[in-house]
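Residues per chain, in single letters:
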Amino acid sequence: MALPVNGTAWPPKEISHIFTDFNKWSAWYSNDPSNLGQAYEKGQASQTRRGIVNRVMDWFWTPRSGDGDAGMTKLHVPIASDLCQVSADLLFSEPPTFTVEDGKGKNKPAQDRLDLIAGDELYLTLVAGAEVAAALSGVYLRATWDKSLFQHVFLTKVDADGAVPTFRYGKLVEVTFWRVVASDGAKVTRHLEHHNVNSFGIGMIEHALYEGRADEIGRRVPLSEHESTKHLHTVVDENSQISTLTPGLGVTYWANITPNRRWRLDPHGVNLGRSDLDGIEPLMDALDRAYSSLMRDLELGKGRLMVPQNMLTDLGPGQGAAFNPDTAIFTGLKAAPGTAADQKMSIEQVQFKIRVEEHLSTVAALFAEIIRAAGYSSQTFGEKDESGGDKTATEVTAKERRSYLTRDRKIRSARPALEAILSKALAMDAVIFNTGAAPTPVTVQFADAVQESLESLARTAQMLKAAEAASRRTLVQLVHPDWDEIQVDAEVARIVAEQPVIADPFAHPEDEDDDGADPAAGEPAGDG
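If you're wondering where the values come from, they're calculated on a predicted model, not measured in any experiment.

Time to look at the nonpolar core. Counting 60 residues, the largest nonpolar core has Phe22, Leu83 and Tyr140 as the members making the most contacts within it. Leu114, Leu122, Leu155 and Trp254 belong to the second-largest nonpolar core, a separate cluster that totals 34 residues.

This paragraph deals with the confidence of the model for the chain. Mean pLDDT for the chain: 82, with 74% of residues reaching 70 or above. The model gives residues 48-57 a pLDDT under 50, and that stretch makes 13 contacts with residues more than four places away or in other chains.

Among the surface-exposed residues, Arg261, Arg402, Arg409 and Arg412 lie close enough to one another that they form a single positively charged patch. On the secondary structure map, Arg261 appears in the loop between strand E10 (251-255) and helix H7 (281-300).

A word on the packing of aromatic side chains. Evaluated as defined, the whole model comprises 16 aromatic pairs. Between the aromatic rings of Trp10 and Trp178, the centroid separation amounts to 6.1 Å while the plane-to-plane angle is 85°, which identifies the pairing as edge-to-face. Separated by 168 residues along the polypeptide, Trp10 in the segment before helix H1 (16-30) and Trp178 in strand E5 (residues 171-184) bring together distant segments of the chain. Residues Trp10 and Trp178 agree in their burial class; the two are buried. One aromatic cluster in this structure is built from Trp10, Phe19, Phe22, Trp25, Trp178 and Trp263. In this structure, Lys74 is placed above the aromatic ring of Phe60, and the distance from its NZ or CZ to the ring centre is 4.7 Å. The ring of Phe433 carries Lys147 above its face, with NZ or CZ at 5.6 Å from the centroid.

Time to look at helix H14 (residues 472-479). Buried within H14 we find Leu475, Val476 and Val479. Buried residues of H14, viewed axially, fall in a sector of 100°; they line one side.

Here we take up the packing of helix H4 (residues 79-91) against helix H6 (residues 120-136). Where H4 meets H6, the axes come as close as 8 Å, and the angle between the chain directions of the two elements is 135°. When the axis of H4 is compared with that of H6, the two are oblique. Crossing of H4 against H6: the hand is right-handed. Across the interface between the two elements, Cys84, Gln85, Ser87, Ala88 and Leu91 from H4 touch Val127, Ala130, Glu131, Ala134 and Ala135 from H6. Within the contact of H4 with H6, the residues separate by chemical class into 7 nonpolar, 2 polar and 1 charged.

Of all 7 residues in strand E2 (residues 138-144), 7 are buried; the element is thus mostly enclosed. Burial along E2 is two-sided: the face carrying Gly138, Tyr140, Arg142 and Thr144 and the face carrying Val139, Leu141 and Ala143 are both buried. Alignment of E2 against E10, held across 5 bridges, turns out to be antiparallel. Bridged to Val139 within E10 is Trp254. Note that E2 and strand E3 (residues 154-159) share 6 bridges and pair antiparallel. Bridge assignment links Val139 to a residue of E3, and that residue is Asp159.

Take the sheet that holds E10 next. Here we have 3 strands laid out as an open sheet, ordered E3-E2-E10, and antiparallel in their pairing. If you trace the sheet from one side to the other, it starts and ends with E3 and E10, each paired once. Within the sheet, the average angular offset between the axes of one strand and its neighbour, ignoring direction, is 30°. Its contacts with the sheet put helix H12 (residues 401-432) on E2, E3 and E10, and the angle it makes with E10 is roughly 165°.

The rules behind these values
- Residue indices begin from 1 for each chain and proceed along its sequence in written order.
- Local features in a predicted model are, by the rule used here, given only for residues with pLDDT of at least 70; side-chain atom pairs are given and counted only at 80 or more, and totals for whole chains, interfaces and linings are based on all residues.
- Based on all heavy atoms of the structure, the side-chain values leave hydrogens and waters out of the count.
- In this text, buried Ala, Val, Leu, Ile, Met, Phe, Trp, Tyr and Cys residues form a nonpolar core when linked through side-chain atoms within 4.5 Å.
- Burial status follows relative accessibility: with a 1.4 Å probe on protein chains alone, a residue under 20% of its type maximum counts as buried, one over 50% as exposed, and anything between as partly exposed.
- Scored between 0 and 100, pLDDT is the confidence that the predictor attaches to each residue.
- Contact between two residues is taken to exist if any of their heavy atoms lie within 4.5 Å; hydrogens are not considered.
- The patches described consist of residues with a relative accessible area above 30% and no salt bridge, like charges being joined within 9 Å and nonpolar side chains (Val, Leu, Ile, Met, Phe, Trp, Tyr) within 5 Å.
- Residue-level accessible areas treat just the shown protein chains as cover; the underlying method is Shrake-Rupley with a 1.4 Å probe.
- Definition used for salt bridges: Asp or Glu carboxyl oxygen within 4 Å of a side-chain nitrogen of Lys or Arg.
- Working convention for charge: Lys and Arg count positive, Asp and Glu count negative, and His plus the chain ends are omitted.
- Charge coordinates come from a single atom per side chain, which is NZ of Lys, CZ of Arg, CG of Asp or CD of Glu.
- For helices the rule is a DSSP run of H or I covering at least 4 residues; for strands it is a run of E covering at least 2, with both sets numbered from the N terminus onward.
- Only Phe, Tyr and Trp rings take part, Trp by its six-membered ring, and two of them pair if their centres are within 6.5 Å. Stacked means planes under 30 degrees apart, edge-to-face means over 60, and tilted covers everything else.
- Over a ring means this: the NZ of a Lys or the CZ of an Arg is within 6 Å of the ring centre and within 35 degrees of the ring normal.
- Throughout, the arc means that of the directions going from the helix axis to the C-beta atoms.
- With axes taken as lines fitted to C-alpha atoms, and helix axes fitted only over the stretch in contact, angles between N-to-C directions fall between 0 and 180 degrees.
- Roughly parallel means an angle under 35 degrees; roughly antiparallel means over 145; roughly perpendicular covers 65 to 115; every other angle is labelled oblique.
- Crossings are sorted by hand: turned counterclockwise from the far helix by less than a right angle, the near helix makes the crossing left-handed, and turned clockwise it makes it right-handed.
- All amino acids are sorted into three groups, where Ala, Val, Leu, Ile, Met, Phe, Trp, Tyr, Cys and Pro are nonpolar, Asp, Glu, Lys and Arg are charged, and the leftover types, Gly among them, are polar.
- Pairing between strands is defined by DSSP: at least two bridges between them are needed.

Dropping the structure here:
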């Protein structure tokens, strides 16, 4: 879709249900109970209009009154954010490597520029992108340049709930990014950034500023009317566009994992990937209910003494008996004067049972089911392993097989998106900054999720050396898998240089010819 005309509903009505789901997943990810209440209140109104209000009325976080949950202190367990963080950690426990073919030969200039583009800041961007993608089903990666900041192209991310995409045959062909830059009462100002390709296949970017309401885009105004877009006013052309000067879209979409179950038959959501939180919202809701119920048991389980009312407050003219060492633990009961209970000045202790084991058992079962349904192993989340002892990488992978299967699926989704946008960024960099580096495809290699310990690697290297099954170079590469070829070559040279020269104990001076040749060593005699 092109940029919206004035007065258009925003987000567009045809994808409003997708943004409703985004809002709920974002609320779970944020760990803010107030966000959860607001998201489910909006969702309740939306579901009412669609005729399925009963689906949400039983949820713990739906705002209600007049029922058993009304007076409960609601606690939120941050399981959603834990899932998303684990997803990012599994993918990027170590930085991936980005290379071009023959990057040390004729393509070294391109590799040098790629190293600038794919520096430490890109690693931080990818980690953040992976975490939010796990929550919202995916993330967009965008090739950007700003000569006042960097003398090279760099990558930025845009979260899925800040974009309106168009796919064709499962491929992203255009997208409109949007963000709120100002909100003053009923007036909302948004910056929209539309990416597409022109008739020549060149990637184009169009910027626009709109003043409207929370649910309407409003009217388009000049970019110069807001501080956040004022700098764009001087770089766009008369059509508010900027060219990437290279073929192809300047954006790729990185789906968290596929296929999408919730939107499988939805033409607007089928290509957006699947959130790690999709389908487990009722379980997370029940987990919060269980923890909150335990806290209510603690409140109800406070010890109390039930005593006649006149024992607590009657300090009148006759200065009758009063009981006030700690009024917080007393509850007065009205008893008729002269009753047997009053005469005996009875005091009754009340202590409700705190069902700790029952609650914790429920919590543990819900937690395990959430982890399993999200595609992870409980050991990944630090659950106790009864086997004990140090584990090799193979044993760790076996224990956490489900987590690493999920990781492999996510890598298969992430790698093409990363390779495409880095190849595009390298091509843009060559033209915009006139580097002279030839555009070339980029290869992305993810690091192993689990690294063998140095002790285990050293034992393996020692056995290979004893069996004469590996060269020095191979052994150094085995022990230091993170080293490049230059580091490996340097280490091999140092090892050779440090090897002591041991004389042959069986060699004797009389075995040598007059010309100094050693027949035992097979040295040829001199010419005389």
